[in-house]
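Secondary and tertiary structure notes
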Amino acid sequence: MKLPVLLCCFLVLSFHILKFGAARSDPHELLVIRCERYHHGRFCTLEWDPYCGIDGRTYSNLCFLCQGNGFNQKVGHKGIYQKLARRGECRRVVCPTHYDPVCGTDGRTYSNECVLDQENGKNHKVTVAYKGECHPCNRYGTHCPAVHDPVCGSDGRTYSNECYLCQENRGNPNKVKVAHKGECYVFDPCVTYGKLCPTKWDPVCGSDGLVYSNECSLCQKNGINMKKVKVSHKGWC
């Protein structure tokens, strides 16, 4: 009597394995689904028997799961495809609200790593580049490369590359920003003056330590003496 009962149980279990590609078990268990029965081009039924794929998407049944994009694993010399999935709908993870920012490889700042994973559908196209908010200086260490790729800082100085500008910002990341790529254009105010200067008294202190009646007068002296004296500041030296 026991033998027919055992045989019946075996047949029922075999039927479920053939139908679903895996025995029904713990709903949270990751199952290996054999997809050779659901090759592309086959019409899928509208039966609602959901599976959660490891891409974070809910598929209405095994057929749609197997015909879905990505995460196929080819096994054996016959090219049989299988997928990993869990029974039931995908449960949306509620991310914590605390602010622990990470910078994604897409250049965006996410409030925490959970939010990054959730917004990108766990497709792993965007990963954590580094901890903290996205800032160009965060990707540099204490040693800068000896590469000449000049940038002009917001302080009017030319830095040999962005890393050296960031070194200037240690402890204050917003102190100096990149104004533009390339060397800073130095404006020469002397090009705005002609040969005759106004007589008004508006003293400036030159970089040579002398006081000039006005900026134009300083520029005029530069032309005569073939020097490049600059204005250090307005007023007396």
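Everything discussed here concerns the structure shown above.
The paragraphs below set out a description of the structure included in this document.

Conventions adopted
Residues numbered from 1 in each chain as written. Predicted model: local features only at pLDDT ≥ 70, side-chain atom pairs only at ≥ 80, totals over all residues. Heavy atoms only, no water. Phe/Tyr/Trp six-rings, centres within 6.5 Å; stacked < 30°, edge-to-face > 60°. Helix = DSSP H or I, 4+ residues; strand = E, 2+ residues; numbered from the N terminus. Buried < 20%, exposed > 50% of the residue type's maximum accessible area, 1.4 Å probe, protein only. Core = buried A, V, L, I, M, F, W, Y, C linked by side-chain atoms within 4.5 Å. Disulfide = S-S within 2.5 Å. Polar contact = N/O pair within 3.5 Å; in protein donor to acceptor, adjacent residues only side chain to side chain. Contact = heavy atoms within 4.5 Å. Patch = residues over 30% accessible without salt bridge, like charges linked within 9 Å, V, L, I, M, F, W, Y side chains within 5 Å. Areas by Shrake-Rupley, 256 points an atom, 1.4 Å probe, with all protein chains shown as cover. Salt bridge = Lys/Arg side-chain N within 4 Å of Asp/Glu carboxyl O. Pairing = 2+ DSSP bridges.

**Structural notes on the packing of aromatic side chains**
Summed over the entire model, instances satisfying the criterion amount to 1 aromatic pair. Ring centres 5.8 Å apart and planes at 55 degrees place the aromatic pair tryptophan 201 and tryptophan 236 in the tilted group. You can see tryptophan 201 sitting in the loop between strand 11 (178–181) and strand 12 (204–206) and its partner tryptophan 236 sitting in the segment after strand 14 (231–234), a full 35 residues away along the chain. By relative accessible area, which is 59% here, tryptophan 236 ends up exposed.

**Considerations on the nonpolar core**
Counting 12 residues, the largest nonpolar core consists of Leu31, Ile33, Cys35, Tyr38, Cys44, Tyr51, Tyr59, Leu62, Cys63, Leu65, Cys66 and Ala85. The set of elements that each furnish at least two residues to this core consists of strand 1 (31–34) and helix 2 (62–67). Looking at which element gives the most residues to this core, the answer is helix 2, with 4 residues.

**A word on the state of the cysteines**
The full count for this structure, using the stated rule, is 10 disulfides. Paired by a disulfide, cysteine 103 and cysteine 134 hold their sulfur atoms 2.0 Å apart. Looking along the S-S bond of the cysteine 103-cysteine 134 disulfide, the torsion reads about 105 degrees, which is the right-handed sense. Pair noted here: cysteine 103 is in strand 6 (residues 102–104) and cysteine 134 is in the loop between strand 8 (128–131) and strand 9 (151–153), with a separation of 31 residues, a long-range link. Of the residues examined, cysteine 103 reaches a relative accessible area of 3% and is grouped as buried. Here cysteine 134 falls in the partly exposed class, since its relative accessible area comes to 25%.

**Thoughts on the side chain of asparagine 112**
The residue asparagine 112 is located in the loop between strand 7 (109–110) and helix 3 (113–119) in this model. From its side chain, asparagine 112 meets the backbone oxygen of proline 96 in a polar contact 2.9 Å long. At a separation of 3.2 Å, a polar atom in the side chain of asparagine 112 contacts the main-chain amide nitrogen of cysteine 114. Setting aside residues no more than four positions away along its own chain, asparagine 112 makes contact with Cys95, Pro96, His98, Asp100 and Val102.

**Section: a nonpolar patch on the surface**
Together, Trp201, Val211 and Trp236 line one region of the surface with nonpolar side chains, adding up to about 380 Å² of accessible area. Among the structural elements, valine 211 can be located in strand 13 (residues 211–212). The class for valine 211 is partly exposed, based on a relative accessible area of 33%.

**Topic: helix 5 (residues 215–225)**
Residues of helix 5 that are buried include every one of Cys216, Ser217, Leu218, Cys219 and Asn222, and no others. Buried residues in helix 5 make contact with strand 12, strand 13 and strand 14. The residue sitting at the N-terminus of helix 5 and contributing the capping side-chain oxygen is asparagine 214; that oxygen lies 3.2 Å from the backbone nitrogen of cysteine 216. With its phi angle positive at about 55 degrees, methionine 226 sits one or two positions after the end of helix 5.

**Some remarks on the environment of glutamate 89**
Mapping glutamate 89 onto the fold places it in the loop between strand 5 (80–87) and strand 6. Residues glutamate 89 and glycine 56 lie 33 residues apart in sequence; the distance between their C-alpha atoms is 9.5 Å. Glutamate 89 has contacts with Trp48, Pro50, Cys52 and Thr58, leaving out every residue within four places of it along the chain.

**Considerations on the sheet that holds strand 8**
Here 3 strands make up an open sheet; going across it, the order is 7-6-8 and the pairing antiparallel. Because the sheet does not close on itself, it has two edges, and the strands there are strand 7 and strand 8. With 3 bridges connecting them, strand 6 and strand 8 associate as antiparallel partners. The residue bridging glycine 104 from the neighbouring strand is valine 128, located in strand 8.

**Concerning the sheet that holds strand 14**
Reading across the sheet, the 3 strands line up as 13-12-14 and stay open at both edges, with antiparallel pairing between neighbours. In the strand order of this sheet, the two ends are held by strand 13 and strand 14, each with one partner. In the sheet, strand 12 pairs with strand 13 via 2 bridges, with the strands oriented antiparallel. Bridge pairing links valine 204 to tyrosine 212 in strand 13.

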